[in-house]
Amino acid sequence: MTPRTAGVSPLPPAPVPSAPSALGQTAALSAAGQQLGALSLPVIASTLPGSTALTLGLITAAAFLPHLLLGLLLGAVADRLPPRAAMLGMNVARGALLLGAAGLAHAGALSAPVLAGMALLLGSLGALHDASTQRWLAHFEDRRDANRAVQAGEQAALAAAPGLSGLLIAQAGAAAALLGESLSFLAASLRLLGLRAPVLADREGRGTLFGDAARGMAFVWRHGLLRRLAVTAAFVNFARAMTFTLLSFHLLRVWQVPPVVMGLTLTVGGLGGLAGASLSRRLSGVPDDRVMRGGLLALAGAGLLVPLAAPGALGLALIMLGRAAGTACVVTYNIRQDALRQSLSPAGMEARVATASRTLLWGSLPLGAALGGWLGTVLGTQAALTVAALLVFAAPLLLGRAPVQGAPAPTGQPGTA
């Protein structure tokens, strides 16, 4: 036994951060790495000889292609792995890959095929990381709070990282931005080591990897509410991928704004996302139906501000306002959507239900990115941006009848280790 000192009270234990907030910190560091690349890759691609809007569209599409081609299999893999270990491995792998990319950029050896291949690998690693995160989130008692913490962390990264990336590119070149991206993933790995990982019960007998993946998609597609949520989100992401691809080229090549201004434009979107996470807490008593439908309609209206902008300071302000308002709507919608989907996921299938939904959701992104690049080449970026904005008005129709609140939680008793 350790003797006590007379008359001296022992020091209180150090406060332990709540699991949602700690996971949110990890999400912020991981998302910072992704967001640094959101600017550095388009900037590098736009400086290549002969690059066009289609070049940027194809490189952007490569980053999202794994969600379409490998998402179901990666979900089955994630359901077989401890979430923390899988997330840790993916962050280390992404950090190492980007460290090598920074060396290639410094040597001037990056080309469009190399950038596309790097985006493809990063997308594959990120898809498995995200599936593991969704499995972890499904086992929090308050899923809305847990999803809100992760969304807030990701949006904080979106607010800070693009501006930092633009500054790094302007002052030190694209290699410095890629190096910063790598260090962010490695920092996320260190933060994960300090978290208490859930021990999740596997309630379903395992079959083959392909069979398990197919069962995840079948469950989502046969479930009317999950199917409508997935299809609606896929359609919205399709239109937003068009906008993102076109906006990068529109600002960098048509308006010829410097990278730091492009970074600030993306930063404002992140600030809007933080506002959306805060708004979600205020709307906690509002039914899912009103929040989700209202969010989709507001998102469509905010998207129209982008193609209405003309070159100049006022136009940039209008684009920033549209991005901030749109991101706030997306975050508010996603918190409700993710918590609702997680509540309907059977124990042992959390990652597969998430990736089956995201195969549709994220799988639409390469199609949107490629179509956006093509329309920008054929119609011009401003007209193509208008088409992308108008598409979102159809999203509430796809959502259909109101989602039902109070869905039952999945069975199973998660613990900690």
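Everything numeric here is computed off the predicted structure, so don't read it as measured data.

## Regarding the overall build of the chain
When its secondary structure is counted, the chain shows 16 helices and two strands. A buried classification covers 53% of the 417 residues belonging to the chain. A separation of at least 24 residues holds for 91% of the contacts in the chain among residues at least 6 apart in sequence. Of the accessible surface of the chain, which amounts to about 17400 Å², a share of 68% is contributed by carbon and sulfur atoms.

## Digging into the UniProt feature "transmembrane region" (unreviewed entry) in the chain
Per the UniProt record, "transmembrane region" (unreviewed entry) is annotated on residues 53-75, 96-122, 168-193, 229-251, 257-279, 291-310 and 381-399. Split by type, residues 53-75 is 96% helix and 0% strand. Its first and last C-alpha atoms lie 32 Å apart. Along residues 229-251, the helical share is 100% and the strand share 0%, with 32 Å between the first and last C-alpha atoms.

## A closer look at the nonpolar core
Among the nonpolar cores identified, the biggest contains 22 residues, and Leu-229, Leu-296, Leu-299, Tyr-333 and Leu-399 are the most heavily contacted of them. When residues of this core are traced back to their parent elements, those giving at least two are helix H8 (209-222), helix H9 (224-254), helix H11 (288-303), helix H13 (313-343), helix H14 (350-379) and helix H16 (395-399). Broken down by element, this core gets its largest block of residues, five residues, from H9. If sequence neighbours within four positions are ignored, Tyr-333 has contacts with Leu-229, Thr-232, Met-292, Leu-296 and Leu-399. In terms of nonpolar packing, the next biggest core, distinct from the first, is built from 21 residues, Met-242, Leu-251, Val-306 and Ala-388 among them.

## Looking at helix H3 (residues 71-78)
When we look at burial in H3, the residues that qualify are Gly-71, Leu-74, Gly-75, Ala-76 and Ala-78. Those residues of H3 that are buried lie in contact with helix H2 (53-69), helix H5 (112-137), H8 and H14.

## A word on the confidence of the model for the chain
The predicted model of the chain averages 78 in pLDDT, with 85% of residues at 70 or higher. Long-range and interchain partners of residues 1-18, a stretch whose pLDDT sits below 50, account for two contacts in this model, where long-range means more than four residues apart. The low-confidence segment residues 405-417 (pLDDT under 50) makes 36 contacts with residues lying over four places distant or belonging to another chain.

## Notes on the pattern of salt bridges
If you walk through the whole model with that rule in mind, you get 12 salt bridges. For Asp-288, the salt bridge is made with Arg-336, and the minimal N-O distance between the two is 2.7 Å. Of this pair, Asp-288 sits in helix H11 while Arg-336 sits in helix H13; the two residues are 48 residues apart in sequence, bridging distant segments of the chain. Residues Asp-288 and Arg-336 agree in their burial class; the two are buried.

## Regarding the environment of Gly-326
Mapping Gly-326 onto the fold places it in helix H13. You can call Gly-326 buried: its relative accessible area is 3%. In sequence terms Gly-326 and Leu-305 are 21 residues apart; their C-alpha atoms lie 9.8 Å from each other. Excluding anything up to four places from it in sequence, Gly-326 contacts Arg-240, Leu-299 and Ala-302.

## Re the packing of aromatic side chains
Any pair of aromatic rings gets described here by the distance separating the centres and the angle formed by the planes. Under the definition given, this model contains zero aromatic pairs. One Lys or Arg, Arg-227, reaches over the ring of Trp-221 and ends 5.7 Å from the middle of that ring.

Cut-off values and rules
- Residues numbered from 1 in each chain as written.
- Predicted model: local features only at pLDDT ≥ 70, side-chain atom pairs only at ≥ 80, totals over all residues.
- Heavy atoms only, no water.
- Helix = DSSP H or I, 4+ residues; strand = E, 2+ residues; numbered from the N terminus.
- Buried < 20%, exposed > 50% of the residue type's maximum accessible area, 1.4 Å probe, protein only.
- Contact = heavy atoms within 4.5 Å.
- Areas by Shrake-Rupley, 256 points an atom, 1.4 Å probe, with all protein chains shown as cover.
- UniProt positions renumbered as here; feature names shortened; annotations may be inferred.
- Core = buried A, V, L, I, M, F, W, Y, C linked by side-chain atoms within 4.5 Å.
- pLDDT = per-residue confidence, 0-100.
- Salt bridge = Lys/Arg side-chain N within 4 Å of Asp/Glu carboxyl O.
- Phe/Tyr/Trp six-rings, centres within 6.5 Å; stacked < 30°, edge-to-face > 60°.
- Lys NZ or Arg CZ within 6 Å of the ring centre and 35° of its normal.

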